[in-house]
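Report on the structure
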Amino acid sequence: MNLEKIAANFQIQGAIDRVTQLGEGFINDTYVIYTKEESGTNYLLQRKNKRIFTDVPAMMENIRKVCTHIKAKVIARNGDPMREAMTLVPALDGKLYFEDEEDEYWAVCVFIGDTLTYQSAKTPELAFQGGKGIGMFQSMVSDMNEPLTDILPGFHNIRYRFKQWDAVLAKDPAGRKAKLTKEINWIESRREEMLRFWELVENGEIPTRVTHNDTKINNILFDQQGEVLCMIDLDTVLNSTCLNDFGDAMRSYTNTGQEDDENLDAVSCDLAIFEGFTRGYLSQTIGFLNEKELEYLAFSARYITYEQVLRFLMDYIDGDNYYKIKHPEHNYQRTLAQYQLLTSMEEQYPEMCKIVQTVTNELSH
Ligand SMILES: Nc1ncnc2c1ncn2[C@@H]1O[C@H](COP(=O)(O)OP(=O)(O)O)[C@@H](O)[C@H]1O
Ligand SMILES: [Mg+2]
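Residues numbered from 1 in each chain as written. Chains lettered and ligands numbered in written order. Predicted model: local features only at pLDDT ≥ 70, side-chain atom pairs only at ≥ 80, totals over all residues. Heavy atoms only, no water.

Another aspect to go through is the overall build of the protein. Along the backbone of the protein there are 11 helices and 10 strands. Whereas a compact globule of 365 residues would reach a radius of gyration of roughly 21 Å, the protein reaches 21 Å, a difference of no more than 12%. Principal-axis analysis of the C-alpha atoms places the extent of the protein at approximately 65 × 55 × 40 Å. The buried share of the protein, taken over its 365 residues, is 53%. Here the protein displays about 16,900 Å² of accessible surface, and carbon together with sulfur accounts for 48% of that area. (Helix = DSSP H or I, 4+ residues; strand = E, 2+ residues; numbered from the N terminus. Rg over C-alpha atoms; globule rule 2.2 N^0.38 Å. Buried < 20%, exposed > 50% of the residue type's maximum accessible area, 1.4 Å probe, protein only. Areas by Shrake-Rupley, 256 points an atom, 1.4 Å probe, with all protein chains shown as cover.)

Here it is, written out as structure tokens:
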């Protein structure tokens, strides 16, 4: 594979100097295209992961809609549209992607230089910035009416998950069900509660908006002063509830241990991180979230964590077909560690609700 040749298929300004790999992404393969002009634009080249994203053209069209909308917002507030929004670069034929001879999909966007990124948010201050980044993104697309293609059907939809769950339990392909009575009951005893929440999304009391769906802090670019520039990695933008972004961020940000921690005592929900993130998030979103969204904000952390317990346990019962495992009991270990996080959230739920309430009151006055 000749990266320079692939890069040459895009509408790049200036002569290409070199193409170098950027870090090691989990999902896509990412490269930087440097052009010869010292002060010219550089570009980001990505091979999109076809196994996860089965309809790359539809995904790129989703990204285009979101970028166009955000760019207009940035211009309206006198910001810098080349730094505070992502800029897609089309291929020579005008498409938003290039398909190579091996049927791999490539896409290019403008490389935003002079930025800071963080790999994790272990302080309340950084969690605040993370919340601000996601909140800013959601706020800018909160008035977007163009529908997006649902490129990940059933994503964070617990009704859909229960269908998969019921089917896997009925089959019990790995013969593991009999020794998991207690763990299966963790899921079943909360089924009604989770479905009640999802019904509010289905009946529109909790509205469907544009969401990011990959809220890790390394998907936010910061300027050299540490201020949020923009959210990147828009591959997973979808129409869903904002609460899914919030809940998923809290599932990963607040965990004091690892997702698959062997030491369950290390796993808990850190309320200071929860508060930092919530403050940053609500500082951007309080103006458009409705009462039901605010009421269920803290609950969404439990919802998404519960879904993850279910998915790990389901994969274990299914014989480990979805998540990569490092040893035969890995999915079971993940189940226990996520369940520990879930119960920590349940124990601290009154405090979590109080934080949301306090911050909401402060921002409303
Ligand atoms: N437009 C951009 N400008 C500058 N750096 C970027 C840009 N897009 C991505 N990056 C950098 O590349 C990394 C990987 O890109 P990302 O789109 O997040 O891929 P992945 O889906 O593999 O996580 C990001 O974490 C960020 O550091
Ligand atoms: Mg990323």
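On to the packing of helix α4 (residues 158-171) against helix α6 (residues 191-202), then. Two elements in contact, α4 and α6, have axes separated by 9 Å at closest approach and are oriented at 140 degrees. Considering the angle they form, α4 stands oblique to α6. Across the interface between the two elements, Ile-158, Arg-159, Phe-162, Trp-165 and Asp-166 of α4 pack against Arg-191, Met-194, Leu-195, Trp-198, Glu-199 and Glu-202 of α6. (Axes fitted to C-alpha atoms, helices over the stretch in contact; angles between N-to-C directions. Parallel < 35°, antiparallel > 145°, perpendicular 65-115°, else oblique. Contact = heavy atoms within 4.5 Å.)

What follows deals with the environment of Val-168. Looking at the element boundaries, Val-168 is found in helix α4. The buried category is assigned to Val-168, whose relative accessible area is 12%. Separated by 129 residues in the primary sequence, Val-168 and Leu-297 have C-alpha atoms spaced 30 Å apart. When residues no more than four places from it in sequence are discounted, the contact partners of Val-168 are Pro-173, Met-314, Ile-317 and Asp-318.

Our focus in this paragraph is the coordination of the magnesium ion (ligand 2). Here the magnesium ion (ligand 2) is held by Asn-219 (OD1) and Asp-233 (OD), and the distances to it run 2.2 Å. Here the residue Asn-219 occupies a position in the loop between β7 (209-211) and β8 (220-222), and Asp-233 occupies one in the loop between β9 (228-231) and β10 (238-240), the gap between them amounting to 14 residues. The class for Asp-233 is partly exposed, based on a relative accessible area of 24%. (Donors = N, O, S within 2.8 Å, 3.2 Å for Na, K, Ca; no water.)

Quick look at helix α11 (residues 349-364) now. With 16 residues, α11 ought to run about 22 Å at 1.5 Å a step, and its terminal C-alpha atoms sit 22 Å apart, in line with that. Turning to α11, its buried residues number three or more, namely Tyr-349, Met-352, Ile-355, Val-356, Val-359 and Thr-360. Angular distribution of buried residues about the axis of α11 spans 125 degrees; they occupy a single face of the element. Turned more than 90 degrees from where α11 packs its buried face, Pro-350 and Lys-354 sit exposed. At its buried positions, α11 is contacted by α8 (271-285), α9 (291-317) and α10 (330-347). (Expected span 1.5 Å × (residues − 1). Arc of directions from axis to C-beta.)

Here the focus is the nonpolar core. If you look at the biggest cluster of nonpolar residues, it comprises 100 residues, and the most contacted ones within it are Met-60, Val-66, Ile-158, Trp-165, Tyr-253, Phe-277 and Tyr-281. Composition of this core by domain shows at least three residues from each of domain 1 (3-110) and domain 2 (124-364). Setting aside residues up to four positions removed in sequence, Tyr-281 forms contacts with Gly-131, Lys-132, Ile-134, Gly-135, Gln-138, Cys-242, Phe-246, Leu-289 and Leu-297. (Core = buried A, V, L, I, M, F, W, Y, C linked by side-chain atoms within 4.5 Å. Domains from an automatic or database assignment.)

What follows is about a negative patch on the surface. Together, Glu-99, Glu-101, Glu-102 and Asp-103 make up a negatively charged patch on the protein surface. The topology assignment puts Glu-99 in strand β5 (residues 98-99). (Patch = residues over 30% accessible without salt bridge, like charges linked within 9 Å, V, L, I, M, F, W, Y side chains within 5 Å. Salt bridge = Lys/Arg side-chain N within 4 Å of Asp/Glu carboxyl O. Lys, Arg positive; Asp, Glu negative; His and termini not counted. Charge placed at Lys NZ, Arg CZ, Asp CG, Glu CD.)

Time to look at the domain arrangement of the protein. Interfaces are frequently sized by the accessible area removed from exposure as the parts join. Under the domain assignment, the protein is made up of domain 1 (3-110) and domain 2 (124-364). Distance between the C-alpha centres of domain 1 and domain 2: 28 Å. Tallying the contact residues gives 21 residues for domain 1 and 22 residues for domain 2. With both sides pooled, the region where domain 1 packs onto domain 2 buries about 1,900 Å², and carbon together with sulfur makes up 65% of that total. The three residues of domain 1 that bury the most area against domain 2 are Asn-62, Lys-65 and Val-66, which together make up 27% of that side's buried surface. On inspection of domain 1 and its partner domain 2, the count reaches 2 salt bridges. A salt bridge links Asp-143 to Lys-73; the shortest N-O distance between them is 2.6 Å. Counting the contacts that link domain 1 with domain 2 gives 8 residue pairs in polar contact (both at pLDDT 80 or more). Looking at the side of domain 1 that touches domain 2, its residues break down into 11 nonpolar, 3 polar and 7 charged. (Buried area = accessible area lost by both parts, 1.4 Å probe. Polar contact = N/O pair within 3.5 Å; in protein donor to acceptor, adjacent residues only side chain to side chain. Nonpolar A, V, L, I, M, F, W, Y, C, P; charged D, E, K, R; others polar.)

Further remarks concern the packing of aromatic side chains. Counted under the stated rule, the structure contains 20 aromatic pairs. Ring geometry for Tyr-97 versus Tyr-105: centroids 5.5 Å apart, planes at 70 degrees, classification edge-to-face. Here Tyr-97 and Tyr-105 have matching classes, each one buried. One aromatic cluster is present, built from ring pairs that chain together Phe-197, Trp-198, Tyr-296, Phe-299, Tyr-303 and Tyr-349. (Phe/Tyr/Trp six-rings, centres within 6.5 Å; stacked < 30°, edge-to-face > 60°.)

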